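Structural overview
Here's the letter readout for the chains.
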Amino acid sequence: MGGQVADVIQSERVGEAEFALIGHQENWPQIAEIVRGLRPLGSAELPLDEIRSIVPWIPPRTVSRVRVESYPRQREAAGVYIDTFITPDELASGTLRPLLAKVHAAADVAAREGARIASLGGFTSIVLERALGELRQPLAFTTGNTLTAALLVHGITAAAAKIGITLAEADVVIVGGTGDIGSGCARWLAPRVGRLQLAARHHGRLAADVGRLRVTGHNVTAVTDLNASIGRADVVLAVASMVAPSVDAGIAPSGALLCDAGYPKNLIVAGREPRHIFWGGMGVARGGIRSDDGMLERFYRFPVTNVGHGCMLEALLLALAQRYEPFSTGRGNITPARIDEIWRLAQEHGFALAPFFNGSGLWRATTMPTVAA
Amino acid sequence: MTTAQAPSLTDQQRSVYADILSQAVTGELIGMANYAAMCQLFDNPADQIDSVEHAANECGHAAAFRQAAIDLGVVAIENLEAHYWNKIRQAFLGHVARRDTLACLVVQEVMLESFAVSMYHAVGAVAPDPLGTIFREIGDEEEGHVDHAIEELQAALHADRDGFEAKVEQLHDEVMTILAEMVAARDTVPTCGLCHGECVKGSLGLVGLDRATLRGQALNLYLRILDRIGVRGERSLAWVARLPT
């Protein structure tokens, strides 16, 4: 696939998109469902091993044309969803180079579509977070992590209030606390919670981050025993980069609030009543997000319409605001002020928290939470 | 493009390469015949010369593969009536009869060449020299044909995007379906007419190849060529999703 960079130079410009959403799918059952959906009715069922042997070869490409509207209506923006076709197996392999090649090829597609801003969702944000290979395309790239962080902290605030947890007294654990999103949430939550515990694989970075937050007088500690910390937590926010769920959330106290924002998911919740677990970092565009062909909805299935991951929604929001800028880039740059800024922008254009849901569906008797800026 | 010493191979590996070379020689002869047939579609002598030169080029490739088989001590079967190749040939001739130059170009330069280029590069990467060199060199030459055609096809797409994409879709269903059947896990016919014994697909591992990877590489190149022409990604994705496996 070495010719992909050269391809863009000689390729035809396809469209006049304003924004591009670059992403990938989380698991094989989801991919299999998409492939089956793409095949004509009555076609022979494709076994999963066949799907696994074909999908990795599909070059990154536009799979859906998308429109979003502000609410109340101020503006409409058109764009594309580009799937990198990075597979769960490729993510698990730990071999970075071919994955980065796919991200760069997807960025080429965004440029060819004429996009002025693109968000790099899920794994693909690594290119911006770790500055892995310069993106030379003539458009702005954002990880979308600031809006994701905003949706997470406001989601936790709203969900905690809903189930009777007083955040100011709560023991909050952030798994993936030194990552870009995790550290952004930590900075925002530190002055607002009873005790904040950060868990991370990188001990050096963890000690440094905890040290910085403690200097400001907040009750912040590093997790030394994750199970013990989760076993005592009132709130667990999981936002780590993992190839598969591996954090046992079943040991959390009954009544704890669990928020899983991993992509792929972080928490193992088998056998537990999922009442207080929600998939965080999700927002809703009240003005509507729709794809011309229904393909976006096929790639991302949620229990309610107009919902998307924060990382994707950030590009939509910036396009609606005509702010074609790399709003979220690098690692560790998400400050409370930036979270508040994107949240104000979100509210101006009618973006809000998605109704709380998890793998079992919507939280019962849940209406759209309203959260003050 | 002369070959030197026959590479050191087991009889089983030699047998696999014999079947691969049978596909290569026959495919090149089909290409030669296709370009020769296209000659009648042009009024302009320059285009006619171009078409004849392409045919001669494919003929040269067939001769090189034929010689490679001789150097390897095997026989390459040359069978233009072989099941899949004959179906492709008949489809192509239908477009010649309709004087549809654009369809001929898409079938030959995009569909057949993307399969040829990816297969040749894959074989070139595992075959010992001088056999590997032959596949690599011919693969590179065929790639040049594709580059040449892309500019022409981009112009056609510019003139009428929807019409162009509709035509490519119809050609995809007609021709890529046959090529996909050729590399599918399950055959639709008892024999393709080019293997010496049992179907070679099950023995590709003996020379470091495998059917699924060959198919994947061919689809990858095909889609990238369509992308370069400017076909919308969501359209070509839907087309490949319905290919037989």
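Note that the structure is a prediction, hence the values are computed from the model and not measured.

Some thoughts on the overall build of chain B
- On a plain count of helices and strands, chain B comes out with eight helices and zero strands.
- Order of helices (α) and strands (β) in chain B, N terminus to C terminus: α-α-α-α-α-α-α-α.
- The C-alpha atoms of chain B give 18 Å as radius of gyration, which agrees with the globular expectation for 245 residues (18 Å, within 12%).
- When its C-alpha atoms are laid out on the principal axes, chain B stretches across 55 × 40 × 30 Å.
- Out of the 245 residues belonging to chain B, those deemed buried represent 44%.
- Expressed as a percentage of contacts within chain B between residues at least 6 apart in sequence, the contacts between residues at least 24 apart total 80%.

So, the interface of chain A and chain B
- Counting residues at the interface gives 26 residues for chain A, matched by 21 residues for chain B.
- Elements represented by at least two residues in the side of chain A that touches chain B include exactly helix H1 (4-10), helix H2 (28-38), helix H3 (48-54) and strand E2 (61-69) of chain A.
- With four residues, E2 of chain A is the largest single contributor of residues to the side of chain A that touches chain B.
- In terms of residue class, the side of chain A that touches chain B is built from 14 nonpolar, six polar and six charged.

What about the pairing of strand E7 (residues 195-199) of chain A?
Residue and element names in this part refer to chain A.
- Among the five residues of E7, four are classified as buried, and the element is accordingly described as predominantly covered.
- Of the strand pairs in this sheet, strand E6 (residues 171-175) and E7 are connected by five bridges, and their pairing is parallel. Considered in E7, the bridge of valine 172 is made with leucine 196.
- As a crossover connection, the stretch from E6 through helix H8 (residues 180-189) into E7 is right-handed.
- Both E7 and strand E8 (residues 220-222) contribute to a ladder of three bridges, which runs parallel. Across the sheet, residue leucine 198 finds its bridge partner in E8, namely alanine 222.
- Note on the crossover from E7 through helix H9 (residues 203-215) to E8: the handedness is right-handed.

Rules and cut-offs
Within every chain, residues take consecutive numbers counted from 1 along the sequence as written. Lettering of chains starts at A and numbering of ligands starts at 1, both following the order in which they are written. Since the coordinates come from a predicted model, pLDDT governs what is reported: local features require at least 70, and pairs of side-chain atoms require 80 or more to be given and counted, while whole-chain, interface and lining totals use all residues. Each helix corresponds to a stretch of at least 4 residues labelled H or I by DSSP, and each strand to a stretch of at least 2 residues labelled E; elements are numbered beginning at the N terminus. Radius of gyration means the value over C-alpha atoms here, while the globule rule gives 2.2 Å times the residue count to the 0.38 power. Here the C-beta atoms are placed from the backbone, and a residue counts as buried if at least 20 other C-beta atoms lie within 10 Å of its own, exposed if 12 or fewer do, and partly exposed otherwise. We call two residues in contact when the distance between their C-beta atoms, placed using the backbone, is within 7 Å. All amino acids are sorted into three groups, where Ala, Val, Leu, Ile, Met, Phe, Trp, Tyr, Cys and Pro are nonpolar, Asp, Glu, Lys and Arg are charged, and the leftover types, Gly among them, are polar. Between any two strands, at least two bridges found by DSSP are needed for them to pair. The definition of a right-handed crossover adopted here requires that, viewed with the strands pointing away, the path from the first strand over the helix to the second runs clockwise.

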